[in-house]
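The residues making up each chain are set out below.
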Number of protein chains: 2
Amino acid sequence: MSSAKTMSNTSAPARLLQVRGYSYAYRRFGNGSGLPLLFLQHFTGTLDSWDPAVTDPLATGREVILFDNAGVGRSTGDVPQTIAEMAGHAMAFLDGLGVETCDVMGYSLGGMVALQMAQDRPSIFRRLILVGTAPRGGEDIMHLEKPSLAKRIQDPTNQGYDVLKKIFFTSSPASQGAAEAFVRRIMERKDDRDPPAGPKIANAQMAAFREWEELKGERFAELKAIHHSTLVVNGVYDEMIPVSNSYRLSENLGNAALLTYPDAGHGSLFQYPASFTRHATAFLTSDSESAAF
Amino acid sequence: MSSAKTMSNTSAPARLLQVRGYSYAYRRFGNGSGLPLLFLQHFTGTLDSWDPAVTDPLATGREVILFDNAGVGRSTGDVPQTIAEMAGHAMAFLDGLGVETCDVMGYSLGGMVALQMAQDRPSIFRRLILVGTAPRGGEDIMHLEKPSLAKRIQDPTNQGYDVLKKIFFTSSPASQGAAEAFVRRIMERKDDRDPPAGPKIANAQMAAFREWEELKGERFAELKAIHHSTLVVNGVYDEMIPVSNSYRLSENLGNAALLTYPDAGHGSLFQYPASFTRHATAFLTSDSESAAF
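Not measured: the values here are computed from a predicted model.

Undergrad: Lay out the overall build of chain A in plain terms, naming residues and giving numbers.
TA: Scanning chain A from N- to C-terminus turns up twelve helices and eight strands. By the compact-globule yardstick of 19 Å for 293 residues, chain A fits well, its C-alpha radius of gyration being 17 Å. If one aligns the C-alpha atoms of chain A with their principal axes, the spans along those axes are about 50 × 45 × 40 Å. Classification of the 293 residues of chain A by burial places 63% in the buried group.

Undergrad: With reference to specific residues and values, describe the interface of chain B and chain A.
TA: Across the contact, 24 residues belong to chain B and 24 residues belong to chain A. For the pair chain B and chain A, the summed buried surface comes to about 1,800 Å²; carbon and sulfur atoms form 56% of the total. Per-residue buried area on chain B facing chain A is highest for Y247, P262 and F293 of chain B; these three make up 28% of the total on that side. Where chain B touches chain A, the interface holds zero salt bridges. Where chain B touches chain A, the interface holds 13 residue pairs in polar contact (both at pLDDT 80 or more). Elements represented by at least two residues in the side of chain B that touches chain A include exactly α10 (244-252), β8 (256-261) and α12 (273-285) of chain B. Of the residues belonging to the side of chain B that touches chain A, the class tally is 15 nonpolar, six polar and three charged. Judged from the three bridges that link them, strand β8 (residues 256-261) of chain A and β8 of chain B form a sheet pairing that is antiparallel. Its bridge partner being in β8 of chain B, L259 of chain A is matched across the sheet by L259 of chain B.

Undergrad: Help me get a handle on the nonpolar core, residues and values and all.
TA: When a protein is soluble and globular, its nonpolar side chains tend to lie buried together. Within the largest apolar cluster, 194 residues are counted, with the highest numbers of intra-cluster contacts made by L38 and M117 of chain A together with L38 and M117 of chain B. Dropping the residues within four chain positions of it, L38 of chain A is found in contact with I65, F67, F93, L94, C102, D103, V104, M105, M117 and F125 of chain A.

Undergrad: Kindly report on empty space enclosed by the protein, identifying the contributing residues and their values.
TA: Evaluation of the coordinates by the stated rule reveals four cavities of 30 Å³ or more. Along its surface, the largest cavity is lined by 16 residues, and Q41, F67, N69, L109 and Q205 of chain A are the ones closest to its centre. Per-element accounting of the lining of the largest cavity gives the leading share, three residues, to helix α4 (residues 109-120) of chain A. Tallied by class, residues from the lining of the largest cavity come to nine nonpolar, six polar and one charged. Considering only enclosed or pocket space, the second largest cavity measures out at about 110 Å³ in volume. For the second largest cavity, the lining is made up of 13 residues, of which Q41, F67, N69, L109 and Q205 of chain B are closest to its centre. Here the element with the most residues in the lining of the second largest cavity is helix α4 (residues 109-120) of chain B; it accounts for three residues. A class-by-class count of the residues in the lining of the second largest cavity yields six nonpolar, six polar and one charged.

Undergrad: Please provide a residue-by-residue account of the pattern of salt bridges, values included.
TA: Two side chains bearing opposite charge may form a pair once their charged atoms approach each other closely. Residues and elements named next belong to chain A. Evaluation of the coordinates by the stated rule reveals 32 salt bridges over all chains. For R121, the salt bridge is made with D95, and the minimal N-O distance between the two is 2.9 Å. One end of the pair, R121, is in the loop between α4 and β6 (125-131); the other, D95, is in helix α3 (residues 83-97), with 26 residues separating them in the sequence. Here R136 makes a salt bridge to E211, at a shortest N to O gap of 2.9 Å. With R136 in the loop between β6 and α5 (147-153) and E211 in helix α8 (residues 199-213), the pair connects residues that are 75 residues apart, well separated along the chain. As far as burial versus exposure is concerned, R136 and E211 are alike and both buried. Because the salt bridges share partners, they merge into one network encompassing R74, R189, D192 and D194.

Undergrad: Go over the relation of the copies chain B and chain A, please, and point to the residues and values.
TA: Superposition record for chain B on chain A: RMSD 0.0 Å, screw rotation 180°, translation along axis 0.0 Å. Seen this way, the second copy is the image of the first under a two-fold rotation axis. Using C-alpha coordinates, one finds that chain B approaches the rotation axis most closely at L259 of chain B, a distance of 2.3 Å. Here 100% of the interface residues in chain B have copies in chain A that are interface residues too; the copies meet face to matching face.

Undergrad: Tell me what's going on with the side chain of H266 of chain B, and back it up with residues and numbers.
TA: Residues and elements named next belong to chain B. Relative to the assigned elements, H266 resides in the loop between β8 and α11 (268-271). On the basis of relative accessible area, H266 is assigned to the buried category, the value being 2%. A distance of 2.9 Å separates the side chain of H266 from the side chain of S108, its partner in a polar contact. Beyond its immediate sequence surroundings of up to four residues, H266 is in contact with Y107, S108, G132, I167, F168, D238, M240 and I241.

Cut-offs and rules
- Residues numbered from 1 in each chain as written.
- Chains lettered and ligands numbered in written order.
- Predicted model: local features only at pLDDT ≥ 70, side-chain atom pairs only at ≥ 80, totals over all residues.
- Heavy atoms only, no water.
- Helix = DSSP H or I, 4+ residues; strand = E, 2+ residues; numbered from the N terminus.
- Rg over C-alpha atoms; globule rule 2.2 N^0.38 Å.
- Buried < 20%, exposed > 50% of the residue type's maximum accessible area, 1.4 Å probe, protein only.
- Contact = heavy atoms within 4.5 Å.
- Buried area = accessible area lost by both parts, 1.4 Å probe.
- Salt bridge = Lys/Arg side-chain N within 4 Å of Asp/Glu carboxyl O.
- Polar contact = N/O pair within 3.5 Å; in protein donor to acceptor, adjacent residues only side chain to side chain.
- Nonpolar A, V, L, I, M, F, W, Y, C, P; charged D, E, K, R; others polar.
- Pairing = 2+ DSSP bridges.
- Core = buried A, V, L, I, M, F, W, Y, C linked by side-chain atoms within 4.5 Å.
- 1 Å grid on protein atoms, 1.4 Å probe; cavity = no way out; pocket = protein on both sides within 12 Å on 5 of 7 lines; lining within 4 Å.
- Points joined across faces, edges and corners; volume = space filled by probe spheres on them.
- Least-squares fit on C-alpha atoms with pLDDT ≥ 70 in both.

Printed below as a string of C-alpha cells:
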C-alpha cells in the first residue's frame, strides 16, 4: 500500500492496542510537525463514521488518531454508561500509545469525553476542538424521542445511512446535497470496516448522555477551570444538541472561540469539510496563547 | 503623498461629497479586484475612530469607504434619531458616489444601519459583516446608564480614549494591552482629523438605539427576509451590546456564519485585528453562495 493510500481514512489500516486487559481499535495516519490530533467519536459512531474529507486534510500537518472507545467497533469491553468512564478509557489508550500530550477533536459524545479528560488530566491536551457538543448540565442533549427527531429516525423509508442524512443535515437542497456527498465518502471504504453499532452500544451511550445532563454543583463551574485554547463549532440549526450548548461552552470555558455554520445541523463539519478543516488547521497551528485564530 | 501613504486611515485624506443639500465626509482608499467595502461606524464614532489595523489590511484587496453619517464628524445636517433615516443617508451617499453594489462592514450602530439598508434595498449589498450589533427588538442595546458601564464611563480618572479602553475591552491584562495598542493606533494620525462627537450627536444616536429596541411586528421576521451572505462577529463578553444579539442574528438571518472572540468585549475587532481581517478577507473573497467561509 502506498504512503498516499495510507494517509486516508478510506485506506489506513485499523490497529489494535492492548492495555490493561482491553483491546482498543484505532487508526493512526498522517504526518507533519503538529501534535497528534485525537478524534473522539459521536453516538454509535465508529472508525468508519469519520468523514475522510475531515480527517485527511488534517492529517497533512500532523498524525490523526481515530479511536473506538471500549465496546465500540472492534474495541473490547462493555460500553461505559458514563462520560467519566469513557474518558478513563481514552486516557488509558493514549498512555498505552505513549502519547503524553495531544490536540483533540471531540464531536458530540466525543466532545463531552474531551471535556472530561481536560478536566481530569489537563496536561493530556494542548488545544481542543469541540463540535456539536454540550457541557455537563447542558440543554436538550440527544433526545431522540422528541417528535422532530423521532419521526425521521423511525420513518421506515429511511434505511441505514439515510437516517444520518435526515438528522445530521437540514432539509434545504444544499444541505441534502452535502449529505449525499458525505454518505458517499464514508461508504467509499470497502474492507477493514468496523461492525456497525447495535442497540446495546446505543443504550449504554444514551445512559451516558442522561448522566451528563445532570447538574453537579454550580452550573458550568467545571468549564471555568478549563483554560485550554478551544475552538467550539456548531451548526446553527442542530436539533440533536442545540447550538445554545455551544454558546454556553464558549461563554464559560476560560479561552474559547466559537464558529457557527449557516443552514447546518449536527453534521456541520461534514457539510462544510473544506471550511471546517481550513479553520481547524488555522486554529491548531496558531502559536497565540489566545483561542482567537 | 505616496500611494502607500494614502492606503492607510492614518493618512488618506478626508473628502466631501455633496448630495441633495447634504455634504458627507468620507475617506476612500485601497484597491484590488473586490467590491468596495463600506464601513458604517459605531456610536459617536467618526472617520478617525476606525482602527488602521482593521481598515488597512482590508484595503489591500478592495477599496474601503469610511463614511460619516449626517451630522457626524464633518458631515452636515442633523443626526437622525432613527436607524431608518441613517440608512437613507448612507444610501444617498452611495448613490452620490455612483456605487450600485458594495460589501459592508457595519459595527455596532453601523451594523443596525447596514441591516436596515439590506432590508430597504437588497441590491445595495452583496455581503455583510456585522460586528457587535443587534437586530431590531434586540436585548440590552447600549444601556450606558446600567451600573456596570456607568461606573466606568463616569469615572473621572478615565479621560478621553481611556473610556474606550474600559468599555470596548475586558479587564484582563491581555485585553487591556490590546486596548493600549488600539488607542495608540487611532491617535497616530495628527492632521485632517474629524471633530470628536459631543452630547448632541450622542443624544440623537441614543434615541435611535431606543427606537431600534422597539419591536415592530413578529420578532426577527425582517431578518428572515435578508438572504445576503453574512458574517456575524462579537466579543463573548460584550457589555454594550451583549453577544446574545449576535446569536439571534445568526439564527434568524437567512445565511449567516457567526464568529465569537474569547476574552473580548464590544471592541473585539480592535482587540484581534490580525485575526479579524484574515477572517473578513476569507469571507469577502469566498465565491460560495453560503456564508460558510
